[in-house]
Amino acid sequence: MEPDELLRLVVQALERLQLSYLITGSTATILYGEPRFTNDIDVVVKLSPNHIESLVEAFPREEFYLDPERARQAVANKGQFNIIHPSSGLKIDIIVPTMDAFDRSRFARATRVHPAEDYEATFASPEDVIVKKLQFYGAGGSDKHLRDVASVLRISSSAVDREYVTEWADRLGLREIWDQILDQL
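Residues numbered from 1 in each chain as written. Predicted model: local features only at pLDDT ≥ 70, side-chain atom pairs only at ≥ 80, totals over all residues. Heavy atoms only, no water.

Draft legend 1. A look at the nonpolar core. Grouped together as the largest cluster of nonpolar side chains are 56 residues, with contacts concentrated most on V43, L47, F59, F81, I130 and L134. With six residues, the top contributor of residues to this core is helix α1 (residues 3-16). (Core = buried A, V, L, I, M, F, W, Y, C linked by side-chain atoms within 4.5 Å. Buried < 20%, exposed > 50% of the residue type's maximum accessible area, 1.4 Å probe, protein only. Helix = DSSP H or I, 4+ residues; strand = E, 2+ residues; numbered from the N terminus.)

Next up, the structure:
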């Protein structure tokens, strides 16, 4: 299975189950920026305990690893869990949002795009992808997050509302990182 096939599969499953979601992380960065390798798909999904069984059924045990107990814990704790496709080494990171002010904003700003000609998916806005990448860089220091932000700004610059990013960078204590990136561009 290729990453684009896995993306299609997860989108179809979430939409069939009528779950609110948004694609974020590296997959969204690739959409708005430059191609790069990634072996995971980050999906923020509004889940409740009664969704777990249907989600597990959507990813058959013969092909996927999905621990129902870990999923339940993630829902209870607003954490994350994985759906792994062992034969390809690809995985889906399911992130359960806290629905704080930023989560509410990014769900409200999510956009429908065509990752391929034959289907649509809900993606986080480029600005919200940037803000999350700033958070991840602030938490762990991995330069890949800075490269991803720079890539989105280079490729999708005219579509990025920098004032929105600046507002959230201020609110989340990320302004210094955001200013560094802007200075380097």
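Draft legend 2. The side chain of K133, seen in detail. Counting through the fold element by element, K133 comes out in helix α6 (residues 126-140). When near neighbours in sequence (up to four residues on either side) are disregarded, K133 contacts G25, S26, T29, R36, H145, D148 and V149. (Contact = heavy atoms within 4.5 Å.)

Draft legend 3. The arrangement of the pattern of salt bridges in detail. Summed over the entire model, instances satisfying the criterion amount to 14 salt bridges. Notably, a salt bridge pairs R112 with E15, separated by 2.5 Å at the nearest N-O pair. Of this pair, R112 sits in strand β5 (residues 111-116) while E15 sits in helix α1, and the two are 97 residues apart along the sequence. For E15, a relative accessible area of 32% corresponds to the partly exposed category. Note that R72 is salt-bridged to E69, the shortest N-O span being 3.8 Å. Of this pair, R72 and E69 both sit in helix α4 (residues 68-77), three residues apart, roughly one helical turn. Overall, R72 belongs to the partly exposed group, its relative accessible area being 42%. Each of the salt bridges in this network shares a partner with another, and the network as a whole consists of E15, R112 and E120. (Salt bridge = Lys/Arg side-chain N within 4 Å of Asp/Glu carboxyl O.)

Draft legend 4. View of the pairing of strand β2 (residues 40-45). Counting buried positions over the six residues of β2 gives six, a clear majority of the element. Sheet topology places strand β1 (residues 21-24) next to β2; four bridges connect them, and they run antiparallel. Residue pairing for β2: Y21 is matched across the bridge by V45. Summarising the sheet, β2 and strand β4 (residues 90-95) pair through five bridges and their orientation is parallel. In the strand pairing of β4, D42 is matched with D93. (Pairing = 2+ DSSP bridges.)

Draft legend 5. Geometry of the packing of aromatic side chains. Following the criterion strictly, the structure yields two aromatic pairs and no others. Ring centres of F102 and W168 lie 5.1 Å apart, and the angle between their planes is 65°; this geometry places the pair in the edge-to-face category. On the criterion of sequence distance, the pair formed by F102 in helix α5 (residues 101-109) and W168 in helix α8 (residues 162-171) is long-range, its members being 66 residues apart. Of note, K46 hangs over the ring of F107, and the distance from its end group to the ring centre comes to 4.6 Å. (Phe/Tyr/Trp six-rings, centres within 6.5 Å; stacked < 30°, edge-to-face > 60°. Lys NZ or Arg CZ within 6 Å of the ring centre and 35° of its normal.)

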